[in-house]
Amino acid sequence: MITEGNPFGPELEVPDVEIGTPLSDQSGSADLLGLIMKFLESTGNVLLIQGPPGTGKTTLALELLRRMEGPRIGSRTVPPNRLYISSRVSPPRLRKHFPWLNEVVDSISGRSAKGNVPEGVNDFRVSQADSILSKVLNMKHSSQRSLIVIDSWEGALRNTTEEGRRMLESAILSEPEESKVSVVLVNEGGQTGDMSHLVDGVVNLSLSQLGGRRVRTLSVNKLRGLRVETSQGLFSLDKGRFTFLSDSEILDATPTRAKMPESIAPSATSFSTGSSDLDKMLKGGIRKGSSLLLDLNNTVSPVEVRLLLRIIIANFVNQGGTSIIVPTSTISSENVAEALGRCVGQKALEERVRIAEFNQTLRPRKWRLLLKGSLEDDALLFGASWKELTSVSSSIVLASDFDKIVQVYGEELFLPGLADIGASIRDSAALSIGLASRPTKLREDFLRIADYHVKMQNINGSLIIYGIKPFTNIHGVSFSFEKGFPALRLTEVV
């Protein structure tokens, strides 16, 4: 709400908006936002947000305003008083950068506007602490549940006296038990005096680089009265919203009887990965007849890798393609078949999928490609399987765990047929995916011919993915099972 409160000038109050996912449904660093909200809902608390310019302090402050809820009276929730006081950002600029602030109401005239600031509203730039002091005291003495954001704190103090500074600090820090007001102070990096010691909570935002890509981190220094299980989390400012990257432990929650995934058809030149988000990251999917190296940091769990591959292969098979899979050492061919079969159906699994297995004691299955551990013999068996599947469909995806292959055939492995298989993949417009977590010779040989190079790793508990070739920003990875099958969602870090 923008008001023209004489004599203090207009102020911006964020309008009521619909709250998204319940905070209690989040976990890990994503729940840091919920924890901060719980801290602010304990009235009288003061939170200091610190960080260099461009780290997302204003966006975080606005997100906290957006999420603030008022008390419930019967079946109705009373809207809280959300007050945003800016000493440096005008309402028009805020609307430009935060389009979700879609409605402005002038409480004096009753006029409202969507997408445009009412006429007569000017920038609110504080030059004296007196105006802020009066606003804070008025809200402190009211009985309404309120959240005040002062952005920025050093801007509010810029032209005030030492006595004015002490009065403002006293107004903010006093009467915590009697007041129904919580306060958020945004510090741009100037002098805050002893505020970090006097306030009840402190969070720091930082911006770092990973190979020329942005990494945004929130760190909790303290939240008085609350236990902080996870003190750091990665976040994004995509679309002007403060969003933590998912870091909950990823489990395979595919139901025993899963529904068929909603497959994404290929284009004339490219295959889909089965995820529109991943297709977008790779600039339109994966070109037909190409190869992709998926580099895995040792912090990536086998479950995360299996889910990603299952989404890609299931989409491929459900579009009429075929697949040969050399799984990791941590999972048997039986488990791969069981999980994939839930997403493609038993008939498609038997007719169009072959899964390598080196345990000769297992009984034959139509989908099982029993290998002997001898490079010469297995090359013939692999070639026969390849020929069989290409007779079913020229669209074939080969997914190979290079660490497993090296484990079976040795570190100095050289596959004489690798070039022939690569040529066959290109000629038939198929796809080859290689997984590697160690710098083996096989990985290096494959990297030289790979058309795509993608990395996955964990930072502060968040799974991220990004492209080396093509170059992409970092994206946070999350998996959902809302529709009865695994789906991949990416959040770009901007």
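Scoring rules and cut-offs
- Residues numbered from 1 in each chain as written.
- Predicted model: local features only at pLDDT ≥ 70, side-chain atom pairs only at ≥ 80, totals over all residues.
- Heavy atoms only, no water.
- Helix = DSSP H or I, 4+ residues; strand = E, 2+ residues; numbered from the N terminus.
- Buried < 20%, exposed > 50% of the residue type's maximum accessible area, 1.4 Å probe, protein only.
- Contact = heavy atoms within 4.5 Å.
- Areas by Shrake-Rupley, 256 points an atom, 1.4 Å probe, with all protein chains shown as cover.
- Pairing = 2+ DSSP bridges.
- Axes fitted to C-alpha atoms, helices over the stretch in contact; angles between N-to-C directions.
- Parallel < 35°, antiparallel > 145°, perpendicular 65-115°, else oblique.
- Phe/Tyr/Trp six-rings, centres within 6.5 Å; stacked < 30°, edge-to-face > 60°.
- Salt bridge = Lys/Arg side-chain N within 4 Å of Asp/Glu carboxyl O.
- pLDDT = per-residue confidence, 0-100.
- Polar contact = N/O pair within 3.5 Å; in protein donor to acceptor, adjacent residues only side chain to side chain.

Undergrad: It is not clear to me how the overall build of the chain should be interpreted in this structure. Could you clarify?
TA: When you go through the chain residue by residue, the secondary structure sums to 15 helices and 26 strands. Within the chain, the fraction of its 494 residues that count as buried is 52%. Contacts spanning at least 24 positions in sequence make up 70% of the contacts within the chain whose residues lie at least 6 apart. If you sum the accessible surface of the chain, you get close to 22,300 Å²; carbon and sulfur atoms cover 50% of it.

Undergrad: What am I meant to see in the sheet that holds strand S24 (residues 462-469) here?
TA: Sheets are built from strands paired through backbone hydrogen bonds, the pairs being either parallel or antiparallel. Taken in spatial order, the 10 strands make up an open sheet running S20-S19-S18-S21-S22-S17-S23-S24-S25-S26, and their pairing is mixed. Looking at strand neighbours, the two that pair on one side only are strand S20 (368-370) and strand S26 (487-492), the edges of this open sheet. The mean inter-strand angle of the sheet, taken between neighbouring strand axes irrespective of direction, is 25 degrees. Note: strand S21 (residues 396-401) against strand S22 (residues 431-436), 5 bridges, orientation parallel. The partner of leucine 398 across the bridge, within S22, is serine 432. Taken strand by strand, helix H9 (residues 302-318) contacts strand S17 (290-296), strand S18 (322-326), strand S19 (353-357), S21, S22, strand S23 (452-459), S24, strand S25 (475-480) and S26, and its axis lies near 175 degrees from that of S22. Sheet strands touched by helix H13 (residues 402-409): S17, S18, S21 and S22. Its angle to S21, the strand with the most contacts, is close to 60 degrees.

Undergrad: Honestly, the packing of H13 against helix H15 (residues 441-449) in this entry has me stumped. Any pointers?
TA: Two measures define how a pair of helices packs: the angle their axes make with one another and the distance between the axes. Relative orientation of the contacting elements H13 and H15 amounts to 135 degrees, with a least axis distance of 9 Å. Considered as vectors, H13 and H15 are oriented oblique to each other. Residues Phe402, Ile405 and Val406 of H13 touch H15, and the partners they reach there are Leu442, Arg443 and Phe446.

Undergrad: What is the right way to look at the packing of aromatic side chains in this model?
TA: For any pair of aromatic rings, geometry is given as the distance between the ring centres together with the angle between the planes. All told, the structure shown has 6 aromatic pairs when counted by the stated rule. Seen in terms of ring centroids, phenylalanine 235 and phenylalanine 242 are 4.4 Å apart; in terms of plane orientation they differ by 20 degrees. Their pairing is stacked. The exposure class of phenylalanine 242 is buried, given its relative accessible area of 3%. Every member of this aromatic cluster is reached through a ring pair, and the members are Phe235, Phe242 and Phe244.

Undergrad: Which parts of the structure should I look at to understand the pattern of salt bridges?
TA: For side chains of opposite charge, pairing can occur when their charged atoms come near one another. If you walk through the whole model with that rule in mind, you get 17 salt bridges. The residue arginine 443 makes a salt bridge to aspartate 295 at a minimum N-O spacing of 2.7 Å. Linking arginine 443 in helix H15 with aspartate 295 in strand S17, this pair joins segments that are 148 residues apart in sequence. The two residues arginine 443 and aspartate 295 agree in class, both being buried. A salt bridge links glutamate 334 to arginine 368, with the shortest nitrogen-to-oxygen separation between them at 2.6 Å. Placement of the pair is glutamate 334 in helix H10 (residues 333-344) and arginine 368 in strand S20, with a sequence separation of 34 residues. By relative accessible area, glutamate 334 is classed as partly exposed at 35%. Assessed through its relative accessible area of 8%, arginine 368 is described here as buried.

Undergrad: Which parts of the structure should I look at to understand the pairing of S25?
TA: For S25, the tally of buried residues reaches 6 of 6 residues, placing the bulk of the element in the interior. Here S25 shows no split at all, with His475, Val477 and Phe479 on one side and Gly476, Ser478 and Ser480 on the other all buried. Bridging between S24 and S25 involves 2 bridges; their strand directions are antiparallel. For isoleucine 464, the partnering residue across the bridge sits in S25 and is glycine 476.

Undergrad: What should I look at first to understand the environment of arginine 213 in this one?
TA: Structurally, the position occupied by arginine 213 is in strand S12 (residues 213-223). By relative accessible area, arginine 213 is classed as buried at 4%. Sequence spacing of arginine 213 and threonine 472 is 259 residues, and the spatial spacing of their C-alpha atoms is 7.9 Å.

Undergrad: Sorry if this is basic, but what is going on with the confidence of the model for the chain here?
TA: Where the model shows low pLDDT, its predicted coordinates should not be examined in detail. Per-residue confidence for the chain gives a mean pLDDT of 79, with 76% of residues at or over 70. Averaged pLDDT values over the elements of the chain bottom out at 31 in strand S7 (residues 103-105) and peak at 97 in helix H8 (residues 276-281). Residue range residues 1-27 is modelled with pLDDT below 50. Its contacts to residues more than four positions away, or to other chains, number 75 contacts. A low-confidence stretch, residues 101-129 stays under pLDDT 50, and its non-local contacts, those more than four residues away or across chains, total 70 contacts.

Undergrad: How do you make sense of the pairing of S21 when you look at a structure like this?
TA: Regular strands place side chains that alternate from one sheet face to the opposite one. By the criterion of burial, S21 is predominantly enclosed, with 6 of the 6 residues buried. Burial along S21 is two-sided: Ile396, Leu398 and Ser400 and Val397, Ala399 and Asp401, pointing in opposite directions, are all buried.

Undergrad: What exactly am I supposed to notice about H13 here?
TA: Since there are 3.6 residues in each turn of an α-helix, residues three or four apart along the chain are aligned in direction. Counting buried positions along H13 gives 6 out of 8 residues, so the element sits mostly inside the fold. Where H13 is concerned, the buried positions are Phe402, Asp403, Lys404, Ile405, Val406 and Tyr409. Where the residues of H13 are buried, they touch S17, S18, helix H12 (375-392), S21, S22 and H15. Within two residues after H13, glycine 410 carries a phi angle of roughly 105 degrees, on the positive side.

Undergrad: For this particular structure, what's the right way to read the side chain of arginine 354?
TA: Note on placement: arginine 354 falls in strand S19. On the basis of relative accessibility, which here comes to 4%, the residue arginine 354 falls in the buried class. From its side chain, arginine 354 meets the backbone oxygen of glutamate 350 in a polar contact 2.8 Å long.

Undergrad: Even after reading the chapter, I still don't get the environment of phenylalanine 39, so can you show me in this structure?
TA: Within the fold, phenylalanine 39 resides in helix H1 (residues 31-41). Considering only alpha carbons, one finds phenylalanine 39 and arginine 224, 185 residues apart in sequence, at a separation of 7.9 Å. Setting aside residues no more than four positions away along its own chain, phenylalanine 39 makes contact with Asn45, Val46, Leu47, Asp200, Gly201, Leu223, Arg224 and Leu226.

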